[in-house]
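Report on the structure
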Amino acid sequence: MTAQTTSAKSSYPTVKVVSHPLVQNLLTRLRDYQTPTSEFRHKSLQLARYLIYEAASDLNSRHTGVETPIGPAKGIALSDYIILDPILRAGLVLADAAQELLPNARMYHIGLRRDEETLQATSYYSKLPDVLPADSCVFILDPMLATGGSAVAAITLFAGLKVKTIKLVSFVSSPEGIARVQITFPQVSITTASIDDQLNGHGYIVPGLGDAGDRIFGT
């Protein structure tokens, strides 16, 4: 696949915008307010698989060997200690897709709620170990990178455990959210299907796709 159809360079050094036609077609269906809940959830899973695939493209591996029905063959095995962190509740749809691609990954959940007046994220659930392996690669999963408050709060928790790599995966991102993450944690990479125009006065991405959690779960 060419760079034009797989991913595009953005003006942000650590952001990968996945511009593949299949990804953009799925995103278009998610943006449509007439897309019913059942289809929205199904296409969210599909989109999440593509984005996780792209975000995982630089995972570390080691050489190994296997026996085929015909004879020995050389191969690789993933060597990173992989952790999935869906931000409740909308991040669960990305976690479902990530588990299919990374079945041996460990999963830790973080619950963050945004105050609609201050737009600040507050934690209502977090259960992380006191120590994680130094070679851990953490995938923060949240469909919407809006103000960046939830992303920064989640990243802060794992950064405090001194993990090696932290990646953020979102369907849609705002320039404001990206800037907030990059200013606070410039080493964190972001994989997204779109960098949208801006945030509105209520902290929602424009044009965005609405409240991802409500549309995924039909609430």
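Residues numbered from 1 in each chain as written. Predicted model: local features only at pLDDT ≥ 70, side-chain atom pairs only at ≥ 80, totals over all residues. Heavy atoms only, no water.

**Focus on the pairing of strand S11 (residues 165-173)**
Of all nine residues in S11, eight are buried, a share of seventy percent or more. Summarising the sheet, strand S9 (residues 136-141) and S11 pair through five bridges and their orientation is parallel. Following the sheet pairing, Val-138 is matched in S11 by Ile-166. For strand S10 (residues 144-145) and S11, the ladder comprises two bridges, and the chain directions are parallel. Note on S11: the bridge partner recorded for Leu-145 is Ser-173. Taken together, S10, helix H5 (residues 149-159) and S11 form a β-α-β motif whose crossover is right-handed. (Buried < 20%, exposed > 50% of the residue type's maximum accessible area, 1.4 Å probe, protein only. Helix = DSSP H or I, 4+ residues; strand = E, 2+ residues; numbered from the N terminus. Pairing = 2+ DSSP bridges. Right-handed = clockwise from strand over helix to strand, strands pointing away.)

**Observations regarding the nonpolar core**
By size, the foremost hydrophobic cluster in this structure holds 38 residues, and its most contacted members are Phe-139, Leu-141 and Phe-171. Contributions of two or more residues to this core are made by helix H2 (21-31), helix H3 (37-55), strand S5 (81-88), helix H4 (92-101), S9, S11 and helix H7 (212-217). In terms of residue count, H3 provides more of this core than any other element does, seven residues in total. With residues near it in sequence (within four places) discarded, Phe-139 still touches Ala-55, Ala-56, Leu-59, Ile-82, Ile-83, Leu-84, Asp-85, Leu-102, Lys-167 and Val-169. (Core = buried A, V, L, I, M, F, W, Y, C linked by side-chain atoms within 4.5 Å. Contact = heavy atoms within 4.5 Å.)

**A word on H4**
Within the span of H4, buried status applies to Val-93, Leu-94, Ala-95, Ala-97 and Ala-98. In this fold, the buried residues of H4 make contact with H3, S5, strand S6 (106-107), S9, S11 and H7.

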